[in-house]
Amino acid sequence: MQQSDVGARESGKIWLRKPCPATRDGLIVNIVHTAAEYQPKSLRFLNVAFDSTGDAFIAGDHQGNIYVFDLSGNRFTLVQRTNQASTALAFNLHRKSEFLVALADYSIKCFDTVTKELVSWMSGHESSIFSISVHASGRYAITTSSDTAQLWDLDTFQRKRKLNISQSVGIQKVFFLPFSNTILSCFKDNSIFAWECDTLVCKYQLPPPPPVGSDLKYKVFAVTRDGRTLATGGKSNHLHLWCLETQQLFRIIQLPTKIRSIRHIEFIPDSFDAGSNQILGVLGQDGIMRFISIQNCKLLFDVGTLDEGISTAIISPNGRYITSIMENGSLSVYSIQVLTQEINKPPPPLVKVVEDFSKRTGSGQIKVRVVRGKIQRPQKAKDYKTTARILRNMMDTDLENKENDLPKGLCKKSLQMLLRGYGEYPTKYRMFIWRSLLQLPENYSAFNSLLDKGTHCAFLNIHEKYPIKSRKLLRILQRTMSALAHWSAIFGDTPYLPLLAFPFVKLFQNNQLVCFEVIATLIINWCQHWFEYFPNPPINILSMIENLLAHHDKELLQHYMNCGVTAQLYAWPLLETVFSEVLTREEWLRVFDNVFSNHPSFLLMIVVAYNICCKSPLLNCNHKDDFEYFFHHRNNLDISVVIQEAYRLMLCTPADIHPETMLDDFVPLTKSQYPVFNKYPKFIVDYQTQELERIRNDELEYLKERQVVHEMEAEIMRQKDEDKIWYQKQELLREAENKRRDILLEEEKKLVEQRDRLVAVKRDLKLKEIQLLSASRKRFLQNQLDQREMELRRLDDEIERKVSLRGEEVATSAKEVGLRRLEIETQRQLLEQQLAKNENISTQEMKEDLNNYRRKVDLEEQRFHKAVEKDECHRLKTHKGKEDEEYPLHSSDSIDALCNRIRRKYHFGTDDCQPSQDDHFEKLQELKTTSLLKPVSSTVLPEGHLSHIPGIDPETHFSLNRKREELERKELELMSEIRNIRYKYAQQARQRYYTPPLHRHYDADLLIT
């Protein structure tokens, strides 16, 4: 492999000497572009495009340098510096020296490689352009971005059409079909449309693909040169092949499982296939480009490695070169002719010499011709009898007779002849023949003693590793494995023993003794030397198989060595499962008919014969995963051919490598007691047994600790549940509390509405009360403060009962009226002292007017008595019998003064006491109105005061002496009632609330007053 460095040169040779690519990889040259001295690393190539001839290509790096590489002329030239990275290139235009380049600024430029000048500059895209497709004529081009595709006329460099789609769909690729006027548009929803280039009329739409495995989203596309087959791929290991003529999906190719997604696909053009390309290159996510045949779905060759992966690749139109951009940013050019050299070899001859017996026998040659996998023997001439000679080691006649004599009168030679004639034993007598061939002793007592030991600890959890659907079969397998483990300790530590024994367990599930003895006989005779390298696979047995394969098929062994496949991969899986994974039931029975009828070495010959008969598909496998899959799954194979090949190998194998000379002859099980099986490294088994016992003890301790942890976790979960329930209850309580608060707010709103209704009634009274309270403000200030504290304590406790206490507010107002009456009485006494001084003067004036107003007084008295009776009735209904009558006031001025004192008393209260104050003022207003309507003694009120009483003419004279005694008596009764009511409510207040000492003194003084 040659490496060429472009460096800072603008032109030069690609390679210094003529390249000679190796057959293994076909690499011609690797091109790198190292940066200048001041730059830290090399420049990466981003895009590549071949010209129409396929002998030259252009490549652009991430700094905008565009080079032309002429492979036929061995020259490269720097043709342009765009100073920005290119996103797509096209080099097959109508004018051969021109090329298109899509840049990172979403523009498209056309340059000339000869003059190195800009030909045209096109713009119109709003996102990065990732594809440029040129028509076969070179006159039209389609540029594709994620949101739109645009059709350009390269003669005028004008945009002809624009394809717009919704952002939810998105475009994957739009391109011309080769040598056709059809445009294929592929979208992200897997929809594919075909359009006519001239009219842009939709010709057809491909049907949606069927779901295979996972949902395949198309991302890469390739079309054959004749435009008939479309290959699609995406984030899956499936390839879909569409026939564009019938618009149908005709084939789905499944790639190896190691391929999870496909980056790029492209067909290899061939001059002799008339455009119907048959080889498709598939670039996977692992950086390896594999070339497969779409006709027989075989892997032909691959390019790239895991260490040097390929980022993208393009194939020349003439089918000679593959130019790939590696993941390190370099360019690698491969020769397709060298890569396909092995494929294009002429087929081998159909006739070959299999064995030459002339050296052994000295007689004439005996040839066997192999045609298409079938063995053809020489045709017999008339009256000529051919004899087949079997070369083997001669034995004594006595030993031979002893070997051929079987119990129950059977002859081993006769059974072998029967087997050679029919290929298998009769199904009806197969089990009987096997028991006779294996000479089973049927030791019932010994087998029962093994079963009595119970289930071996190594197979207690066999159902977890081998989940068999049939519980009966699982139980028989467990008992058989336990009996084997009790027979020999190594079988408890052999991981593949259940795989080896399962087909026999399934076959002899109704006779466990025969099943056990068949497996034991198989292990003693056909599994000789298997356990000498325990716990490793039997390296000595695998070496025998490898020697046999090296002698009989060197090509297949060499292929295994090239792929890194050893006998542990192509032989050991067959041995450890005794072919049960790769054969059907009938095929497996036929194989073991022959195995049990021959020397123990015949089993190894079957393994070698299976590999040789599967040579063709094995040569197409190149990865270990493929080989592993092959030897663990059933394959299309004629088992009779394998058996015939095994017999041929038994005859044709030299004695120095023949397993028959290395393995002992068949030895049956001993009667009454089973033989001791100790052909294994005992110290390893003992060590493993000790380690397993220690691991089991540790596991028991771990299980105990895990149980404790689980109990703790359960306790924690229970605590969490309790905490969760508690938090839920708290949340419910908070919600209930919020609801109660809302109810209280609603009740308070109702109270506010009541207060608003009372404000209108009390407004006039408050105006007059301000005048009355101004004179008595200082006197009642301390009382108001104490009353405020008491009211605050009482309101804090009674806020939840406000709804029920609405009716009691009237009673509370009555209490306050009683207190005010006491205060009014005190004021009245002061007023009487003042009025007594003027009594004489007033008496004289009253006497003069007495006669004039006597008649009016009588009328007024009647009106007064009616008003008093009406007022008393109303008051009895309102206050529920708490007060019977109101005490008359002597003067309107005294009532006004009392109102002013009461207002000054409650002026310093808070808003919480406002409802009670309003009720008191309403009661006082009613008292005032009632008092004004009552008759006043002429000796108490002067004549000037009568003018302030509404409804009474000031000129009217009353008989004061007649009413005086009655008023004094009512006054005494009223004072006594007020004193009793005051004392009663004071006692109730002391019981309901805690009263400070200072307040107690005040209440006592007030009570005394």
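Below you will find a few notes about this structure. Every value quoted in this text rests on a predicted model; they were computed, and no experiment measured them. (Residues numbered from 1 in each chain as written. Predicted model: local features only at pLDDT ≥ 70, side-chain atom pairs only at ≥ 80, totals over all residues. Heavy atoms only, no water.)

## Considering the overall build of the protein chain
Now for step 1: For the protein chain, the count of helices and strands is 27 helices and 32 strands.
Now for step 2: Relative to its 1009 residues, the protein chain shows a buried fraction of 45%.
Now for step 3: Residue pairs in contact within the protein chain that sit at least 24 positions apart in sequence constitute 60% of those at least 6 positions apart. (Helix = DSSP H or I, 4+ residues; strand = E, 2+ residues; numbered from the N terminus. Buried < 20%, exposed > 50% of the residue type's maximum accessible area, 1.4 Å probe, protein only. Contact = heavy atoms within 4.5 Å.)

## Observations concerning the sheet that holds strand β3 (residues 27–32)
Hydrogen bonds along the backbone pair up the strands of a sheet, which may run parallel or antiparallel.
Now for step 1: Spatial ordering of the open sheet is given by β1-β3-β30-β29-β28, a layout of five strands whose pairing is mixed. Whereas interior strands pair on both sides, the edge strands pair on one side only; in this sheet they are β1 (2–5) and β28 (310–315). With direction set aside, neighbouring strand axes in the sheet form an average angle of 20°.
Now for step 2: Of the strand pairs in this sheet, β28 and strand β29 (residues 321–326) are connected by five bridges, and their pairing is antiparallel. Among the inter-strand pairings, T312 is bridged to a residue of β29, identified as I325. (Pairing = 2+ DSSP bridges. Axes fitted to C-alpha atoms, helices over the stretch in contact; angles between N-to-C directions.)

## Here's the deal with a positive patch on the surface
Now for step 1: Taken together, the side chains of R471, K472, R475 and R479 present a region of like positive charge at the surface.
Now for step 2: Tracing the backbone shows R479 in helix α8 (residues 471–487). (Patch = residues over 30% accessible without salt bridge, like charges linked within 9 Å, V, L, I, M, F, W, Y side chains within 5 Å. Areas by Shrake-Rupley, 256 points an atom, 1.4 Å probe, with all protein chains shown as cover. Salt bridge = Lys/Arg side-chain N within 4 Å of Asp/Glu carboxyl O. Lys, Arg positive; Asp, Glu negative; His and termini not counted. Charge placed at Lys NZ, Arg CZ, Asp CG, Glu CD.)

## Quick notes on the packing of aromatic side chains
Now for step 1: Evaluation of the coordinates by the stated rule reveals 40 aromatic pairs.
Now for step 2: Their ring planes at 75° and their centres at 5.7 Å tell us that F491 and F531 sit as a pair that is edge-to-face. Of the two residues, F491 is situated in the loop between α8 and α9 (497–507) and F531 in the loop between α10 (512–525) and α11 (539–552); the sequence distance between them amounts to 40 residues. Taken as a pair, F491 and F531 share a single burial class, namely buried.
Now for step 3: A connected cluster of aromatic rings, assembled from ring pairs, spans W434, F504, F508, W526, W588, F592, F596 and F666.
Now for step 4: Between the NZ or CZ atom of K173 and the centre of the ring of F175, over which it lies, the distance is 5.2 Å.
Now for step 5: R420 extends its terminal NZ or CZ atom over the ring of Y647, reaching a point 4.1 Å from the ring centre. (Phe/Tyr/Trp six-rings, centres within 6.5 Å; stacked < 30°, edge-to-face > 60°. Lys NZ or Arg CZ within 6 Å of the ring centre and 35° of its normal.)

## Here's the deal with α10
What sets the pattern is the α-helix's 3.6 residues per turn: residues three or four places apart point alike.
Now for step 1: Here α10 is 14 residues long and its end C-alpha atoms lie 20 Å apart, about the 20 Å a rise of 1.5 Å per residue gives.
Now for step 2: Burial analysis of α10 places 13 of its 14 residues in the buried class, which makes it a mostly covered element. (Expected span 1.5 Å × (residues − 1).)

## Re unusual backbone geometry
Now for step 1: The residue N83 is not glycine, and still its phi comes out positive at about 65°.
Now for step 2: Relative to the helices and strands, N83 resides in the loop between β7 (75–81) and β8 (86–90).
Now for step 3: You can call N83 exposed: its relative accessible area is 67%.
Now for step 4: Within the chain, F157 stands out as a residue other than glycine whose phi angle is a positive 55°.
Now for step 5: With a relative accessible area of 13%, F157 lands in the buried category.

## Re the pattern of salt bridges
Now for step 1: On inspection of all chains with the given rule, the structure shows 24 salt bridges.
Now for step 2: Its salt-bridge partner being R320, residue D55 comes within 3.6 Å of it at the nearest N-O pair. Of the two residues, D55 sits in the loop between β4 (45–50) and β5 (56–61) while R320 sits in the loop between β28 and β29, which places them 265 residues apart along the sequence.
Now for step 3: The exposure class of R320 is partly exposed, given its relative accessible area of 47%.
Now for step 4: When the shortest N-O distance is used, the salt bridge between E196 and K203 registers 3.9 Å.
Now for step 5: Since its relative accessible area comes to 22%, E196 is described here as partly exposed.
Now for step 6: Via salt bridges that share partners, E424, R430 and D593 belong to a single interconnected network.

## Notes on the pairing of strand β19 (residues 202–205)
Now for step 1: The sheet contact formed by strand β18 (residues 192–196) and β19 spans three bridges and is antiparallel. Bridged to F193 within β19 is Q205.
Now for step 2: Between β18 and β19, which follow one another and run antiparallel, lie five residues, and L200 among them has a positive phi close to 55°.

## Things to note about a nonpolar patch on the surface
Now for step 1: A contiguous nonpolar surface patch, about 280 Å² in accessible area, is contributed by L700, Y702 and L703.
Now for step 2: Position of L703 relative to the elements: it lies in helix α20 (residues 682–775).
Now for step 3: The exposure class assigned to L703 is partly exposed, which follows from its relative accessible area of 32%.

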